Amino acid sequence: AQSVTQLDSQVPVFEEAPVELRCNYSSSVSVYLFWYVQYPNQGLQLLLKYLSGSTLVESINGFEAEFNKSQTSFHLRKPSVHISDTAEYFCAVSDMDNQGGKLIFGQGTELSVKP
Amino acid sequence: DSGVTQTPKHLITATGQRVTLRCSPRSGDLSVYWYQQSLDQGLQFLIQYYNGEERAKGNILERFSAQQFPDLHSELNLSSLELGDSALYFCASSIGQGSSYEQYFGPGTRLTVT
């Protein structure tokens with residue numbers, strides 16, 4: 001069975017500082033990997049995804065994540081955060097061979113950016 | 001705005017009751033997914049429909065059922081409600097049925113069982 005572990009439930013950081021949100025997964029098959037963001041009182045939005053190809057994927061707002069197969073990790077990073085990045089971030093995994101679209105989510109990491 | 005609509009936004013009901021949550025997918029999307037978000041269980045996949053057919057099933061209780069109608073909207077029915085069913089229920093939609101397709105999430109329905 002697949003599972004996702006987000007190692008930090010809360011990450012406080014000052015504005016303009018770098019941040020890393022850690023995600024490890026467990027799976028016996030090849031997977032797709034995703035990061036979703038949830039702003040207060042809103043639904044989830046896809047931030048970035050790894051399907052194949054380059055192991056480094058980037059979002060339009062400066063986040064990046066690197067797929068590391070040997071470490072079974074997909075950590076999310078941003079070199080300089082803004083107040084507006086305050087949100088909850090979810091890492092998710094899906095079975096590449098699955099005909100359906102079931103996503104398995106981690107428990108979430110609450111990123112709090114302070115001025 | 002993701003284009004996915006969910007009604008109602010909030011629902012308060014008593015134990016033992018039955019409720020129906022409704023979801024309209026983005027225009028053109030054929031897949032609908034239901035997820036439950038609670039403090040103790042986190043975000044859990046419940047069920048997926050693709051073009052009216054059940055495609056994948058997760059940790060959905062027998063007291064819960066869902067369907068996708070010919071116009072592609074979906075309903076999640078929760079019956080014999082318990083306090084532990086209190087949660088945020090999200091609907092998502094995607095154009096295809098596989099997980100490589102981006103899932104767009106609605107704003108959710110917050111269910112409170114008293």
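In what follows, the structure referred to is the one given above.
Below is a summary of the structure that appears in this document. (Residues numbered from 1 in each chain as written. Chains lettered and ligands numbered in written order. Predicted model: local features only at pLDDT ≥ 70, side-chain atom pairs only at ≥ 80, totals over all residues. Heavy atoms only, no water.)

### Topic: the state of the cysteines
All names here are of chain B.
Here is step 1 of the chain: One pass over the full model with this rule turns up two disulfides over all chains.
Here is step 2 of the chain: Across a sulfur-sulfur distance of 1.8 Å, Cys23 and Cys91 are joined as a disulfide pair. Linking Cys23 and Cys91, the disulfide has an S-S dihedral of approximately -50° and is accordingly described as left-handed. Of this pair, Cys23 sits in strand β3 (residues 19-24) while Cys91 sits in strand β9 (residues 87-94), and the two are 68 residues apart along the sequence.
Here is step 3 of the chain: Cys91 sits in the buried class, given a relative accessible area of 0%. (Disulfide = S-S within 2.5 Å. Helix = DSSP H or I, 4+ residues; strand = E, 2+ residues; numbered from the N terminus. Buried < 20%, exposed > 50% of the residue type's maximum accessible area, 1.4 Å probe, protein only.)

### Regarding the pairing of strand β8 (residues 74-78) of chain B
All names here are of chain B.
Here is step 1 of the chain: The buried fraction of β8 is high, at five of five residues.
Here is step 2 of the chain: When β3 meets β8, the two strands line up antiparallel, connected through five bridges. Across the sheet, the residue bridging to Cys23 is Ser74, located in β8.
Here is step 3 of the chain: Relative to β8, strand β7 (residues 64-68) runs antiparallel, the two being bridged by five bridges. Bridging across to β8, Phe64 finds its partner in Leu78. (Pairing = 2+ DSSP bridges.)

### Focus on the interface of chain B and chain A
Here is step 1 of the chain: Counting residues at the interface gives 22 residues for chain B, matched by 20 residues for chain A.
Here is step 2 of the chain: A combined buried area of about 1600 Å² lies between chain B and chain A, and 55% of that area is made up of carbon and sulfur atoms.
Here is step 3 of the chain: Its largest share of buried area at the contact with chain A, chain B owes to B:Leu43, B:Ser99 and B:Phe105, together 35% of the area lost on that side.
Here is step 4 of the chain: If you look at where chain B meets chain A, you find zero salt bridges.
Here is step 5 of the chain: Counting only elements with at least two residues in the side of chain B that touches chain A, the list comes to β4 (31-38), β5 (42-50), β6 (53-57) and β9 of chain B.
Here is step 6 of the chain: Of the residues forming the side of chain B that touches chain A, the biggest block, four residues, is contributed by β5(B).
Here is step 7 of the chain: The residue inventory of the side of chain B that touches chain A, partitioned by class, reads eight nonpolar, ten polar and four charged. (Contact = heavy atoms within 4.5 Å. Buried area = accessible area lost by both parts, 1.4 Å probe. Salt bridge = Lys/Arg side-chain N within 4 Å of Asp/Glu carboxyl O. Nonpolar A, V, L, I, M, F, W, Y, C, P; charged D, E, K, R; others polar.)

### Some words on the side chain of B:Ser38
Residues and elements named next belong to chain B.
Here is step 1 of the chain: For Ser38, the position within the fold is in strand β4.
Here is step 2 of the chain: At a separation of 3.2 Å, a polar atom in the side chain of Ser38 contacts the main-chain amide nitrogen of Gln41.
Here is step 3 of the chain: If sequence neighbours within four positions are ignored, Ser38 has contacts with Ser86 and Ala87. (Polar contact = N/O pair within 3.5 Å; in protein donor to acceptor, adjacent residues only side chain to side chain.)

### Topic: the pattern of salt bridges
All names here are of chain A.
Here is step 1 of the chain: Evaluated as defined, the whole model comprises eight salt bridges over all chains.
Here is step 2 of the chain: Between Arg22 and Asp8 there is a salt bridge; the shortest N-O distance is 3.0 Å. Highlighted residues: Arg22 in the loop between β3 (19-21) and β4 (23-26) and Asp8 in the loop between β1 (3-6) and β2 (10-14), separated in sequence by 14 residues.
Here is step 3 of the chain: Across the salt bridge formed by Glu20 and Arg77, the nearest N and O atoms sit 2.8 Å from each other. One end of the pair, Glu20, is in strand β3; the other, Arg77, is in strand β9 (residues 73-78), with 57 residues separating them in the sequence.
Here is step 4 of the chain: Overall, the relative accessible area of 33% leaves Glu20 in the partly exposed class.
Here is step 5 of the chain: For Arg77, a relative accessible area of 28% puts it in the partly exposed group.
Here is step 6 of the chain: Each of the salt bridges in this network shares a partner with another, and the network as a whole consists of Glu20, Glu66 and Arg77.

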